[in-house]
Amino acid sequence: QVQLVESGGGLVQPGGSLRLSCAASGSIITINDMGWHRQAPGKERELVARITSGGSTIYEDSVKGRFTISRDNAKNTVYLQMNSVKPEDTAVYYCYAWVVTTAAIWSENRYWGQGTQVTVSS
């Protein structure tokens, strides 16, 4: 019903920048919260940032001031601008979206992207 396709991951040097994108498609009526989680090897998945449909944002403490989450509601797309990246940012990044679909108009469900690898290394 809903697909989230991520792009923009890769290898970046410490101090560099990277921009992740995640586009949602399918039987969408509306998208509420969108966001990004990440999972590093041997660690649990953690929330990196989230953004409401109105543009309010929340960030995990370690990325505040370095990462910026934004969205384009017309394109059903969420972005994560990553600046001043550090080796500890290395992880698989997963986007998600809380979506109301044509099959369930009275509820919302969370959908996940497939994950994109971000590696910070010199």
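As a starting point, this report considers the structure included with it. (Residues numbered from 1 in each chain as written. Predicted model: local features only at pLDDT ≥ 70, side-chain atom pairs only at ≥ 80, totals over all residues. Heavy atoms only, no water.)

## Overview of the sheet that holds strand β8 (residues 77–82)
Here is the rule: Any two strands between which DSSP finds at least two bridges are classified as paired. Each helix is a run of DSSP H or I of at least 4 residues and each strand a run of E of at least 2, with the numbering of both proceeding from the N terminus. Working convention: axes come from line fits to C-alpha atoms, limited for helices to the stretch in contact. Angles between N-to-C directions cover 0 to 180 degrees.
Reading across from one edge, β1-β3-β8-β7 is the order of the four strands in this open sheet, with antiparallel pairing throughout. Every other strand in the sheet has two partners, leaving β1 (2–7) and β7 (67–72) as the edge strands with one partner each. Averaged over all pairs of adjacent strands, the angle between strand axes in this sheet comes to 15 degrees, irrespective of strand direction. Two strands pair when backbone bridges link them, and strand β3 (residues 18–26) and β8 are joined in this way by six bridges, in the antiparallel orientation. Paired with Leu18 across the two strands is Met82, which belongs to β8.

## Here's the deal with the pattern of salt bridges
For clarity, the cut-off: A carboxyl oxygen of Asp or Glu within 4 Å of a side-chain nitrogen of Lys or Arg is what we treat as a salt bridge. For every residue, the accessible area obtained with a 1.4 Å probe (protein chains only) is divided by the maximum for its type, and the residue is called buried under 20%, exposed over 50%, and partly exposed between those limits.
Using the criterion set out here, one finds six salt bridges in the structure. Where Glu60 meets Arg38, a salt bridge forms, and the shortest distance between an N and an O atom there is 4.0 Å. Highlighted residues: Glu60 in the loop between β6 (57–59) and β7 and Arg38 in strand β4 (residues 28–39), separated in sequence by 22 residues. Using a relative accessible area of 6% as the deciding quantity, one classes Arg38 as buried. Shared partners join several salt bridges into a network, and the residues in it are Arg38, Glu46, Glu60, Arg66 and Asp89.

These figures come from the coordinates and say nothing about function on their own.
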